[in-house]
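These are the residues of each chain, in order.
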Amino acid sequence: MPELAGRVGDAFEALVREHEESWLSPLAVRSYETRGRERPEEGCGVRTPFQQDRDRIVHSKPFRRLKGKTQVFIDPQGDHYRTRMTHTLETTAISRVVARALRLNEDLTEAIGLGHDMGHTPFGHAGEDALDRALRARLGDGPGFRHHEHSYRIARGLNLTHEVCEGILTHTGEREPETLEAKIVRIVDRVAYINHDIDDAVRYGLLREADLPTEEIELLGPTGSDRIDRLVHDLVETSADAGDIRQSDEIGAAMHRLRDFMFERVYLAEHAREEHRRAHETIDRIVDHLAERGDAPEEIVAYVAGMTDRFALAYAERL
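Calculation notes
- Residues numbered from 1 in each chain as written.
- Predicted model: local features only at pLDDT ≥ 70, side-chain atom pairs only at ≥ 80, totals over all residues.
- Heavy atoms only, no water.
- Buried < 20%, exposed > 50% of the residue type's maximum accessible area, 1.4 Å probe, protein only.
- Helix = DSSP H or I, 4+ residues; strand = E, 2+ residues; numbered from the N terminus.
- Contact = heavy atoms within 4.5 Å.
- Phe/Tyr/Trp six-rings, centres within 6.5 Å; stacked < 30°, edge-to-face > 60°.
- Salt bridge = Lys/Arg side-chain N within 4 Å of Asp/Glu carboxyl O.
- Patch = residues over 30% accessible without salt bridge, like charges linked within 9 Å, V, L, I, M, F, W, Y side chains within 5 Å.
- Areas by Shrake-Rupley, 256 points an atom, 1.4 Å probe, with all protein chains shown as cover.
- Lys, Arg positive; Asp, Glu negative; His and termini not counted.
- Charge placed at Lys NZ, Arg CZ, Asp CG, Glu CD.

Pulling in residues and values, what's your account of helix α12 (residues 249-267)?
Within α12, the full set of buried residues consists of Ile 251, Gly 252, Ala 254, Met 255, Leu 258, Phe 261, Met 262, Val 266 and Tyr 267. Summarising the contacts, the buried residues of α12 are in contact with α9 (180-204), α10 (214-220), α11 (224-242) and α13 (270-292).

In C-alpha cells form, the structure reads like this:
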C-alpha cells in the first residue's frame, strides 16, 4: 500500500508540474517550487503544498471563529451583515478570478486569501486599535498589536509554506509582498471591504445610495457588483500590460477616494465613535483582568484576538 501511495503521489506531482508549465505565466509561483515550511514534513501525494495550506486554514479554529467577528458593526441584529468570514470568502473568490485571468497560481492565491484575517480581533478595526492601545498602555513600549502580524503567527503555527505565510503578513502594512499572488490579495482585500461595507452601511441606515460620491459612482458603477466588476477588469487589464499587479491611475484613485469617503461617513462617523468606545471599554476590561492575573503579553494577544464579538462582550460582562 505505501508503494502504491508513492506511485500515485509521484504521478500527481508530475501532472501538476506539466500542467503548470503549459498553463501558468512565467511570473507565477510553481506549486512544487515553494521555499518550504519551517518544520519539514512529507507531502500529501494528492494535493499540492498550497492546497494543503488551504485545507489547514479552513479546518483551523481561528478560521472558524471568523464567523463570529463582524466587519463594521458590533454584533449587529440582522442576518445579512458581513462577518469577517464572509469578507474573507468574498476576498478569496475575487482574488481567484484575478489570478486565473492572469494565469497565476490560484491555489497560492486562495490560501493567502483564506488566511489573511485569521488573526483579526473582535469588533473589526476598532477592536484592533483597542487591543493595540491597551497593550501599549499596560505593557510599556512593546510591539503592540497588528492583525496581519498575528495572522502571520497563526500561519506559522499551522506550519504553512513560506509563500502563504509571507502573503498573509504583507496583505496590509508598509511591506510589499514578494509574489504576484500575494499582491492580488493585498489589492482585492480593499476592493471587497469598501464595496461590502457600503452595502452594510446602507442596510444599517448610516448611508443612502444618494449620499455616495457622484463622480466615483459614475466611474465605478451604481451597485456593489458593478463596482467590483469594474475594479476587477481594470486590475486584470492593467496588470497584464504592466507585468505586475496594478490598478490604472484613474480607477485606483477613484477607489481610494471612495475609501476616504467611507472613513469620513462610516468608519469614523458619530455612530462609529460609539462603536469604538464600546470596543475599547470591552477590550480594556478584559486586558486589565488578564494582566492582573499574570498572563504574559503573548498569551493576552492570542486569547483576546481569538475572541468573537459575542464572546468578548459576554466575558467582559462577567467581569
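Requested: an account of the packing of aromatic side chains, with residues and values cited.
Tallied over the entire structure, the rule returns four aromatic pairs. Here the aromatic rings of Tyr 303 and Phe 311 are separated by 6.4 Å at their centres, their planes lie at 85 degrees, and the arrangement is edge-to-face. We classify Phe 311 as partly exposed; its relative accessible area is 35%. On the basis of an interplanar angle of 35 degrees and a centroid distance of 6.0 Å, the ring pair of Phe 311 and Tyr 315 is categorised as tilted. Of this pair, Phe 311 and Tyr 315 are both found in helix α15 (residues 309-318), four residues apart, which corresponds to roughly one turn of the helix. According to the relative accessible area criterion, Tyr 315 is buried, its value standing at 9%.

Pulling in residues and values, what's your account of the pattern of salt bridges?
On inspection of all chains with the given rule, the structure shows 36 salt bridges. Residues Arg 35 and Glu 178 are paired through a salt bridge, measuring 3.4 Å at the closest nitrogen-oxygen approach. Linking Arg 35 in the loop between α1 (2-23) and α2 (49-58) with Glu 178 in the loop between α8 (162-169) and α9, this pair joins segments that are 143 residues apart in sequence. With a relative accessible area of 60%, Arg 35 lands in the exposed category. Owing to a relative accessible area of 45%, Glu 178 belongs among the partly exposed residues under this scheme. With a closest N to O distance of 3.4 Å, Arg 82 and Asp 200 form a salt bridge. Of this pair, Arg 82 sits in the loop between α3 (61-64) and α4 (84-101) while Asp 200 is found in helix α9, placing the two residues 118 residues apart along the sequence.

Quick rundown of the environment of Glu 270? Include the residues and the values.
Its location among the elements puts Glu 270 in helix α13. Between the C-alpha atoms of Glu 270 and Glu 237, which are 33 residues apart in sequence, the distance is 39 Å.

Give a description of unusual backbone geometry that names residues and reports values.
At Phe 123, a position not held by glycine, the phi torsion is positive, near 70 degrees. Positive phi values are uncommon outside glycine, yet Asn 159 reaches one of about 60 degrees.

Describe a positive patch on the surface, with residues and values.
On the surface, Lys 61, Arg 64, Arg 65 and Lys 67 cluster together to form a positively charged patch. Counting through the fold element by element, Arg 64 comes out in helix α3. When its relative accessible area of 42% is taken as the criterion, Arg 64 is described as partly exposed.

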